[in-house]
Amino acid sequence: MLKTTPLHGKFGVIVHDVDLREVTREHLFGEIRQLFEEHSALLFPAQQISDADHTRLAELFGPLENREAMASGRDVPFEVSPVSNEKGEGSVTAAESLHTLNLQANMLWHTDSTFLPVPALVNLLTATVLPSRGGETELASTRAGWAEMPQAMRDKLKDAVIWHRLSHSRKKISPELGAMPVMNRWPDRPWKAIWPNPVTGEEALYIASHSFAIEGMGLGEGEALIDEAIAFCTRPEAVYSHKWNVGDVLIWDERAVLHRGRPWPYEEPRTLRSICCSATENDGLAAVRVV
Ligand code: OGA
Ligand code: MN
């Protein structure tokens, strides 16, 4: 039995006394996966994982998300994604650069990859370089949010289809960022608004900063409802704010959790390393697909 303590009153657990380098499909992964289905977010404090360890762990959850391969339709080698302002040799990207602005777009409450042809199941994030202050990563459960939402809002969302577009979130930060070709390479993507967990049956709201419209509603009305629903799910008492220590591994269910980064002094380096896995039919993908 894994030793756990609550991460937040509404969701998540801290998993103690596990060395993630030792996890295999036969050893501990079954229990970890069960905790993931039940609690939506897992924190493994003070790990020491290399990119190879990180990749091996992620592969237990599902197919590694490889956006370059997805975009080109070719077999592009997988790489762990740095979430970083480091340029090497101790320098950082300029605060006003498009690169830093893109990191700032992560500070809008979002779910990763809702705009991709195949959405993500999970993000496994670890920290390698941290600033002297700020740079927290925050999580909020859209399972808890959906369960607690006022009935009038639930009625508008329960059968809704939400449309997603990467450039929508990027243009909120900067029109120039939103106009970059790399932000406009995915066709607009619709998903049903409610993603039931196939193991526990619990429903969660599937929404993001990338959400730009609701099927059958005017653009203004749809966007207002999207903003209202995200604001409800992320009210201060519903948020877990993770103050990183180097080595921490934070894993969350992209089907049921909104997240965002927090600002830090941009002249200081900050590097997280992220791997997302794509959702598969076993993860309940059919329930959100719009036929
Ligand atoms: C991510 C992300 C936020 C952060 O890795 O997907 O949104 O804290 N990170 O940098
Ligand atoms: Mn993200």
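Up top is the structure.
Residues numbered from 1 in each chain as written. Chains lettered and ligands numbered in written order. Predicted model: local features only at pLDDT ≥ 70, side-chain atom pairs only at ≥ 80, totals over all residues. Heavy atoms only, no water.

Chemist: Before we go on, may I ask you to explain the side chain of Arg170 in this structure?
Modeler: Of note, Arg170 is situated in helix α7 (residues 166-173). Buried and unpaired, Arg170 has no salt bridge, with Asp112 as the nearest side chain of opposite charge at 7.2 Å. If near-sequence neighbours (up to four positions away) are discounted, Arg170 is found in contact with Asn102, Ala105, Asn106, Leu177, Gly178, Met183 and His210. (Helix = DSSP H or I, 4+ residues; strand = E, 2+ residues; numbered from the N terminus. Buried < 20%, exposed > 50% of the residue type's maximum accessible area, 1.4 Å probe, protein only. Lys, Arg positive; Asp, Glu negative; His and termini not counted. Salt bridge = Lys/Arg side-chain N within 4 Å of Asp/Glu carboxyl O. Contact = heavy atoms within 4.5 Å.)

Chemist: Looking at this structure, I do not really get the pairing of strand β15 (residues 249-253). What am I missing?
Modeler: Here is the key point about a regular strand: its side chains alternate between the two faces of the sheet. Where burial is concerned, most of β15 is hidden: five out of the five residues are buried. As paired strands, strand β3 (residues 41-44) and β15 are joined by four bridges and run antiparallel to one another. The residue of β15 that forms the bridge with Phe44 is Val249. Bridge count between strand β7 (residues 120-129) and β15: five bridges; the pairing is antiparallel. Considered in β15, the bridge of Val122 is made with Asp253. (Pairing = 2+ DSSP bridges.)

Chemist: Help me understand the packing of aromatic side chains in this model?
Modeler: For any pair of aromatic rings, the description rests on two quantities: the centre-to-centre distance and the angle between the ring planes. Within this structure, the stated rule accounts for four aromatic pairs. Measuring from ring centre to ring centre gives 4.9 Å for Phe29 and Phe61, while their planes differ by 85 degrees; the resulting arrangement is edge-to-face. A residue pair is termed long-range when its members are at least 10 positions apart, and Phe29 in helix α1 (residues 29-39) and Phe61 in helix α2 (residues 51-61) qualify at 32 residues. Seen from their ring centres, Trp195 and Tyr206 are 4.9 Å apart, and the 80 degrees between their planes marks the pair as edge-to-face. Of this pair, Trp195 sits in strand β11 (residues 194-196) while Tyr206 sits in the loop between β12 (203-205) and β13 (211-214), and the two are 11 residues apart along the sequence. Residue Trp195 is classed as buried on the basis of its relative accessible area of 1%. You can call Tyr206 buried: its relative accessible area is 0%. Counting every residue linked through ring pairs, the aromatic cluster contains Phe29, Phe36 and Phe61. The ring of Phe212 carries the charged tip of Arg165 above its face, separated from the ring centre by 3.9 Å. Taking NZ or CZ as reference, Arg270 lies 4.9 Å from the ring centre of Trp264, over its face. (Phe/Tyr/Trp six-rings, centres within 6.5 Å; stacked < 30°, edge-to-face > 60°. Lys NZ or Arg CZ within 6 Å of the ring centre and 35° of its normal.)

Chemist: Help me understand the layout of surface pockets in this model?
Modeler: To locate leftover empty space, one rolls a probe as large as a water molecule over the atoms. Considering only enclosed or pocket space, the largest pocket measures out at about 1,200 Å³ in volume. Forming the boundary of the largest pocket are 45 residues, of which Arg67, Ser81, Pro82, Val83 and Asn102 lie nearest the centre. Residue assignment for the lining of the largest pocket shows that the elements contributing at least two residues are α3 (67-72), β4 (81-84), α4 (98-105), β7, α7, β16 (257-261) and β17 (271-278). Taken together, the residues that form the lining of the largest pocket break down as 20 nonpolar, 14 polar and 11 charged. (1 Å grid on protein atoms, 1.4 Å probe; cavity = no way out; pocket = protein on both sides within 12 Å on 5 of 7 lines; lining within 4 Å. Points joined across faces, edges and corners; volume = space filled by probe spheres on them. Nonpolar A, V, L, I, M, F, W, Y, C, P; charged D, E, K, R; others polar.)

Chemist: How do you make sense of α7 when you look at a structure like this?
Modeler: Residue pairs three or four apart in sequence face the same way in an α-helix, which turns once every 3.6 residues. Among the residues of α7, those classed as buried are Leu166, Ser167, His168, Ser169 and Arg170. Here the buried face of α7 lies against α4, β9 (161-164), α8 (175-179), β13 and α9 (219-233).

Chemist: Explanation requested: the site of ligand 1 in the structure shown.
Modeler: Looking at ligand 1, the residues that line it are Val83, Asn106, His110, Asp112, Asn123, Leu125, Glu136, Thr137, His259, Gly261, Arg270 and Leu272. Thr137 places a side-chain nitrogen or oxygen 2.6 Å from an oxygen atom of ligand 1. Contact with the protein chains removes 94% of the 290 Å² of surface that ligand 1 exposes when unbound. Cavity membership is defined here by more than half of the atoms lying within 2 Å of grid points; on that basis ligand 1 lies in the largest pocket. Elements with a minimum of two residues in the shell around ligand 1: β7 and β16. In the shell around ligand 1, the residues fall into three nonpolar, six polar and three charged. (Near = heavy atom within 4 Å. Polar contact = N/O pair within 3.5 Å; in protein donor to acceptor, adjacent residues only side chain to side chain. Areas by Shrake-Rupley, 256 points an atom, 1.4 Å probe, with all protein chains shown as cover. Sits in = over half its atoms within 2 Å of the grid points.)

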